Amino acid sequence: SKLSLDRERLLDNIPTQIWYFTNENTYGAVNQAYANFLGMKIQDIMFQTLEEVHSRNVANIFLEKNKIIFQEKEKLEYEVSLERADGHVRLLYVFQTPILNKKKEVDYIVCSAEDITEEKRQEEQVAFLTIHDQLTGLKNRRFFDDLMQKTNVEDVFPISFMMLDL
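Remember, predicted model here, so these are calculated numbers, not experimental data. (Residues numbered from 1 in each chain as written. Predicted model: local features only at pLDDT ≥ 70, side-chain atom pairs only at ≥ 80, totals over all residues. Heavy atoms only, no water.)

**Student:** Honestly, the sheet that holds strand S2 (residues 26–30) in this entry has me stumped. Any pointers?
**Tutor:** Whether parallel or antiparallel, the strands of a sheet pair through hydrogen bonds between backbone atoms. Within the open sheet, the five strands sit side by side as S2-S1-S5-S4-S3. Their pairing is antiparallel. Edge positions in the sheet fall to S2 and strand S3 (76–83), since each has one partner strand and no second. Averaged over all neighbouring strand pairs, the angle between strand axes comes to 30°, with direction disregarded. Sheet analysis places strand S1 (residues 17–23) next to S2, joined by three bridges and oriented antiparallel. Paired with Trp19 across the bridge in S2 is Val30. Its contacts with the sheet place helix H5 (residues 56–72) against S1, S2, S3, strand S4 (89–100) and strand S5 (106–115), and it is angled at close to 170° to S3. The strands touched by helix H6 (residues 117–131) are S3, S4 and S5; relative to S4, the strand with the most contacts, the crossing angle is about 120°. (Pairing = 2+ DSSP bridges. Helix = DSSP H or I, 4+ residues; strand = E, 2+ residues; numbered from the N terminus. Axes fitted to C-alpha atoms, helices over the stretch in contact; angles between N-to-C directions. Contact = heavy atoms within 4.5 Å.)

Okay, here's the thing in structure tokens:
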């Protein structure tokens, strides 16, 4: 039907990775972005178990999260490192939402993921530059001031700092 074709076009043409699990260990449908990330065809992921799609370590991570959702019936958000089809490890921010049936049991879990690798690198760079000199990479005045505040408690006295300027 036109509606299902439109839905398919929509899901397969957005960069967000989307999929769902029919139970703790089995995929339902996936969109093209998720299949591309894994370097697989959509048909090769649908209705497969986690270990048929992923390494044992990755399968165990998803299985553990899925079990929590089936028990707690609550949304989960977390970061996970996954290897992309090209061999690069990427950091994904994953959202998992349980869909409940009339009996208030989890029918399936809808998932989406965004690649946050670059944003995380930029955050780490900003954090590094906050306490390091950009030219030398040495700790800066802000680091020293923060350290002084942390050590300015009675339990640490007496304490001495020596500063040298070369």
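**Student:** I would appreciate a short explanation of the environment of Glu119 in the present structure.
**Tutor:** Looking at where Glu119 falls in the secondary structure, it is placed in helix H6. Considering only alpha carbons, one finds Glu119 and Leu91, 28 residues apart in sequence, at a separation of 9.6 Å.

**Student:** Explanation requested: the side chain of Asn31 in the structure shown.
**Tutor:** Note that Asn31 resides in the loop between S2 and helix H2 (32–38). Judged by relative accessible area, Asn31 falls into the buried class, the value being 2%. A polar atom in the side chain of Asn31 sits 2.9 Å from the backbone oxygen of Thr16. Here Asn31 is in contact with Leu11, Asp12, Ile14, Thr16, Gln17, Ile18 and Ile42, once residues within four sequence places are set aside. (Buried < 20%, exposed > 50% of the residue type's maximum accessible area, 1.4 Å probe, protein only. Polar contact = N/O pair within 3.5 Å; in protein donor to acceptor, adjacent residues only side chain to side chain.)

**Student:** Is there a simple way to explain the pairing of S1 in this structure?
**Tutor:** In this sheet, S5 lies alongside S1 in antiparallel orientation, the contact comprising five bridges. Within S5, the residue paired with Tyr20 across the bridge is Val110. Count of turn residues in the S1/S2 antiparallel hairpin: two residues.

By themselves, these are just geometric observations and shouldn't be taken as functional.
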